[in-house]
Amino acid sequence: MFALEPLLETFQTGSGFWNPVIWVVAIIVALLIAVILRGFGNKEYKKKTGQTQAFLSGNPEYEKEQMHIKSSNIYWGFTESLKWVFDSLKKMHTGNVSDYALWFVIVMAILFVVLIMGENLVGAI
Amino acid sequence: MNVADLIALLLQHSPALIVAVPLLGAFITPLISRLNDKVRNVFVILTLGLTASLVFLLASDVFTGNIHTYIFGSQDLALPVVRILFEVDAMSAFMAIISVILSLVAVIYSWSFMKENTGLDKYYTLILLMTAGMLGMELTGDLFNFFVFLEITSISSAALVAFWTNKAKSVEAGFKYIVISTIGALFILFSIALFYGQYNALNMAMIASAIQYTFLDKIALVLLIAALAMKAGVVPMHMWLPDAYGKAPSSITLILVGATQASLYGVFRVCFTIYGGAINLSSISIGWILVILGIITMLLGVAMAIIQTDFKRLIAFGAVAEIGYILLGIGTGLVVMLNPEMTTTGLAAMKGGIFHIMNDALDVGLLFLVAGAIYYATKETSLNKLGGLARNMRYTTVFFIIGLLAISGMPPMNGFASKLLIYESTYQLNPILSIIAILSSIMILAVFVKVFHSAFLGPALPKFENVKEVPKSMLIAMGTIATIIIIFGLFPELIVNNIVEPAANALINYGDYVREVIPSFTGGV
């Protein structure tokens, strides 16, 4: 017969625990509260009337494409302030397959130094 | 013969059948294509469905602690004849489950997604070959055989990445993929030669039992880690990955995620099993190498993702970042494994890393399918040109939200459970590692919130007025992965106890793997 107990077990992480079922119950309770609060809202609100039209301080509404914030503009401040980081990262991604192979050689050389020469050095000391 | 006998017989031969069924299916597919497209599609789905059933049958037995060996050739191991040996422990079965689920979902998705394309007999043949290759890599106990399956996977993957031959960038991505794969495979072959020259053996268990950790063994270790890490998309050798993931059809990208993880499995098999005997000498060095590579992979992956404007390329960099978490978890496990005071931490880290392999495949896979659905509906992948699609594509939007929450490690999704294990265990090793991992997760959330806003929110754009929801087969494929994500998220203890922990123990207790082939072997943790 199907046992329910294993499904409800708390997830033990070694030094902590986590029970997603309780979390889901909490989310459902929060949603119920939100629905109840929404019920107290203004019932005079009419859809598809002047109440729903955008008011841009009397300015004309832009084209739909212009109203949408483009992907490149999101986090603009963040990417602009760390421009030097992103520029160097972009520079690293040349798209040239010879460079891809070069990175492989570099990593192999570093691993060689760490795993072989490093251990021999520690052994000698 | 009754049903129990039949199941026992299938179980006995399942390691061979799991590879043989898709391989045979691959060669039959072009013939069946002559009959009818629908018959061919059904045949491919049934072939992978049968393979999946065999994988689950084998896994159900292996997860109880058994190890299955299957010998092609002489059964007497003492005889010096050519033979190939498949050896399946819980880690192999765990990886095989991931590969077969991804392949099965990909062919269901392809039914509608690739409908308008020509050359689909080749497409499905290559998918089955690729699946056979991945499963072979995961089930084999022979290092040279691993190389052969790696090549089968790489060649079929490269052809599939370049499947849209009318697009120059797809062909370029396929070319880059095959160049990188060949370089990696050559170095793997060289390391196999080093083993064969020293120990006269190609079997992983035999090499593991004989390994002396000589200078040549160290060179072989460097070559294997570097080559397989490149195939797994570890930074800074990841650059082929956004090209290939970004330009392949989305259904193929889903299977490519599995192929990448099969290479990652190779890294773990090498570090834990082949070099298991030398682990006392080098586990801390190898562990720290994996931890550092993991941190760099995480940070660079997420930093590059944040500045992308192409949907699929952005997800590809997100996938790179997720590989970092896997390396961080497994690396932490290796570093603390030999410290008797930190065995619980080590096991938790290993469980976190291994659980995240599956979660990463599901989360990233779902997001790629969503990207494919958007491309199917709009013929657009630039985030700067998308917008307001939530109105027209409601189910796809819901699947994207599930994928977004899961990849960002938001509770109660599956990504949270595995990341929690990784955060807690790495905190015990060094709190800074844990802080970086959490910071990366927050940035991944920011990246995908950007995608959500760019593609799904905003005003309804006139050019997408006639966009409709994608066909049912694509919704079923996305829905299947989304359902697994939710189940894994809600019942992590069940998954970890029954699937992940046996896989972690299989890696740690490498002696059991060796003893299955060489009973006299006395080593092992």
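See the structure shown above.
Below you will find a few notes about this structure. Predicted, not measured: the structure shown is a model, and the values here were computed from it.

### Remarks on the packing of helix α13 (residues 343-378) of chain B against helix α17 (residues 472-490) of chain B
Residues and elements named next belong to chain B. As a packed pair, α13 and α17 sit with axes 10 Å apart at the nearest point and diverge in direction by 150°. Regarding the angle of α13 to α17, the classification is roughly antiparallel. Here α13 runs over α17; the crossing is left-handed. Contacts between α13 and α17 involve Asn-359, Leu-362, Asp-363, Gly-365, Leu-366, Leu-369, Val-370, Ala-373 and Tyr-376 on the former and, on the latter, Met-474, Ala-477, Met-478, Ile-481, Ala-482, Ile-484, Ile-485 and Phe-488. For the contact of α13 with α17, the residue count by class is 14 nonpolar, two polar and one charged.

### Regarding the environment of Ala-504 of chain B
Residue and element names in this part refer to chain B. Following the sequence through the fold, Ala-504 ends up in helix α18 (residues 492-508). Among the residues examined, Ala-504 registers 27 C-beta atoms within 10 Å and is labelled buried. A sequence separation of 218 residues divides Ala-504 from Ile-286, and the C-alpha atoms of the two residues are 17 Å apart. Excluding anything up to four places from it in sequence, Ala-504 contacts Leu-347, Met-350, Lys-351 and Ile-354.

### Some remarks on the interface of chain A and chain B
At the junction of the two partners, chain A supplies 43 residues and chain B supplies 51 residues. Of all elements in the fold, only α1 (5-8), β1 (11-12), α2 (20-39), α3 (64-67), α5 (83-92) and α6 (97-124) of chain A reach the threshold of two or more residues within the side of chain A that touches chain B. The element contributing the most residues to the side of chain A that touches chain B is α6 of chain A, with 14 residues. A per-class count over the side of chain A that touches chain B returns 26 nonpolar, twelve polar and five charged.

### Remarks on the nonpolar core
All names here are of chain B. Core analysis: the biggest nonpolar cluster contains 227 residues, and Ala-226, Leu-366 and Met-478 have the highest contact counts within it. The greatest single-element share of this core, amounting to 21 residues, is contributed by α13. Residue contacts for Met-478: discarding those within four places in its chain leaves Leu-366, Leu-369, Val-370, Ala-373 and Phe-399.

About the criteria used
- The residue count restarts for each chain, going from 1 along the sequence in the order it is written.
- Chain A is the first chain written and ligand 1 is the first ligand written, with later ones labelled in order.
- Note on the predicted model: pLDDT of at least 70 is required for a residue's local features to be given, and 80 or more for side-chain atom pairs to be given and counted; whole-chain, interface and lining totals, by contrast, use all residues.
- Axis definition: a line fitted to C-alpha atoms, limited for helices to the stretch in contact. Angles are taken between N-to-C directions and run from 0 to 180 degrees.
- Numbering of helices and strands runs from the N terminus; a helix is a DSSP stretch of H or I covering at least four residues, while a strand is a stretch of E covering at least two.
- Any angle that is under 35 degrees is reported as roughly parallel, and any over 145 degrees as roughly antiparallel; angles of 65 to 115 degrees are reported as roughly perpendicular and all others as oblique.
- It is the rotation of the near helix from the far one that decides the hand of a crossing: anticlockwise by less than a right angle makes it left-handed, clockwise makes it right-handed.
- It is the C-beta atoms, placed from the backbone, that decide contacts: two residues are in contact if theirs lie within 7 Å.
- Basically, the charged four are Asp, Glu, Lys and Arg, the nonpolar ten are Ala, Val, Leu, Ile, Met, Phe, Trp, Tyr, Cys and Pro, and anything else, Gly included, counts as polar.
- Partly exposed residues are those falling between the two cut-offs: more than 12 but fewer than 20 other C-beta atoms within 10 Å of their own, whereas 20 or more means buried and 12 or fewer means exposed, with C-beta atoms placed from the backbone.
- Note on terminology: a nonpolar core is a set of buried residues of type Ala, Val, Leu, Ile, Met, Phe, Trp, Tyr or Cys, with members joined through C-beta atoms within 7 Å.

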